[in-house]
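Overview (structure and organization)
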Amino acid sequence: AKDTQTTASPETLSDKIFGVDGDQDNLVSGFDRCSHGKLKIAPAEHQLVTNGVYAVEVDMKMKGVEEFDARSAVIAKVEADMGVSLANFFSHIMVCLPPGTKDGWIGYGYLN
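What you see is a predicted model, and the numbers here were worked out from it, not measured in a lab.

Topic: the overall build of the protein
What the protein contains, in helices and strands, is four helices and zero strands. When the helices and strands of the protein are read in sequence order from the N terminus, they spell out α-α-α-α. Expected size for 112 residues packed as a compact globule is a radius of gyration near 13 Å; at 15 Å, the protein falls within 12% of this value. Its C-alpha atoms put the protein at 40 × 30 × 25 Å along the principal axes. Looking at the protein residue by residue over its 112 residues, the buried ones come to 28%. In the protein, of all internal contacts separated by at least 6 residues, the share reaching a separation of at least 24 is 58%. Looking at the protein as shown, the accessible area adds up to about 7,600 Å², and 52% of this sits on carbon and sulfur atoms. A distance of 3 Å separates the average location of the 10 positive side-chain charges in the protein from that of its 16 negative side-chain charges.

Observations regarding the environment of Val 65
Mapped onto the secondary structure, Val 65 falls in the loop between helix 2 (27-34) and helix 3 (67-82). Separated by 60 residues in sequence, Val 65 and Gln 5 place their C-alpha atoms 14 Å apart. If we ignore the near neighbours within four places in the chain, the residues touching Val 65 are Met 60, Ala 70, Thr 101 and Lys 102.

Concerning the environment of Val 49
Inspection of the secondary structure assignment puts Val 49 in the loop between helix 2 and helix 3. For Val 49, the residues in contact, after removing those within four places along its chain, are Ala 44, Tyr 54 and Met 82.

Quick look at a nonpolar patch on the surface
Where nonpolar side chains cluster on the molecular surface, the patch consists of Leu 27, Phe 31, Leu 39 and Met 94 and spans about 330 Å² of accessible area. Residue position: Leu 27 is located in helix 2. Judged by its relative accessible area of 34%, Leu 27 is partly exposed.

With respect to the nonpolar core
Counting twelve residues, the largest nonpolar core is built from Val 49, Val 58, Met 62, Val 65, Ala 70, Val 74, Ile 75, Val 78, Met 82, Leu 86, Phe 90 and Leu 97. Sort the elements by how many residues they give to this core and helix 3 lands first, with five residues.

Details of the pattern of salt bridges
All told, the structure shown has seven salt bridges when counted by the stated rule. Glu 66 is the salt-bridge partner of Lys 102, the closest N and O atoms lying 3.1 Å from each other. Remark: Glu 66 occurs in the loop between helix 2 and helix 3 and Lys 102 occurs in the segment after helix 4 (86-89); sequence separation between them is 36 residues. For Lys 102, a relative accessible area of 38% translates into the label partly exposed. The class of Glu 66 is partly exposed, set by a relative accessible area of 36%.

What counts as what
- Residues numbered from 1 in each chain as written.
- Predicted model: local features only at pLDDT ≥ 70, side-chain atom pairs only at ≥ 80, totals over all residues.
- Heavy atoms only, no water.
- Helix = DSSP H or I, 4+ residues; strand = E, 2+ residues; numbered from the N terminus.
- Rg over C-alpha atoms; globule rule 2.2 N^0.38 Å.
- Buried < 20%, exposed > 50% of the residue type's maximum accessible area, 1.4 Å probe, protein only.
- Contact = heavy atoms within 4.5 Å.
- Areas by Shrake-Rupley, 256 points an atom, 1.4 Å probe, with all protein chains shown as cover.
- Lys, Arg positive; Asp, Glu negative; His and termini not counted.
- Charge placed at Lys NZ, Arg CZ, Asp CG, Glu CD.
- Patch = residues over 30% accessible without salt bridge, like charges linked within 9 Å, V, L, I, M, F, W, Y side chains within 5 Å.
- Salt bridge = Lys/Arg side-chain N within 4 Å of Asp/Glu carboxyl O.
- Core = buried A, V, L, I, M, F, W, Y, C linked by side-chain atoms within 4.5 Å.

Rendered as structure tokens:
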């Protein structure tokens, strides 16, 4: 974004989500334990993705922007960069937005 950035680096995100750098108590391990091994999440595989994370910079300001508009801009940019529809290529997608979007939300999820 032109006016802000996420607080965690792609390397930190991949470790905290997938444990790629040794974080034993990461998001995926937590889902695995809670589901008794029934929910398996693996890092995405694509030439633009490193350790399950793709960092993208959108050409817009994010501060004060509605979450939906910010998320839509990020997804559109990723789809253009990768040349795929994310909903058709990946089964789970996590979008990490920088601080400053409107209403100061903490987390958000939806089903495709």
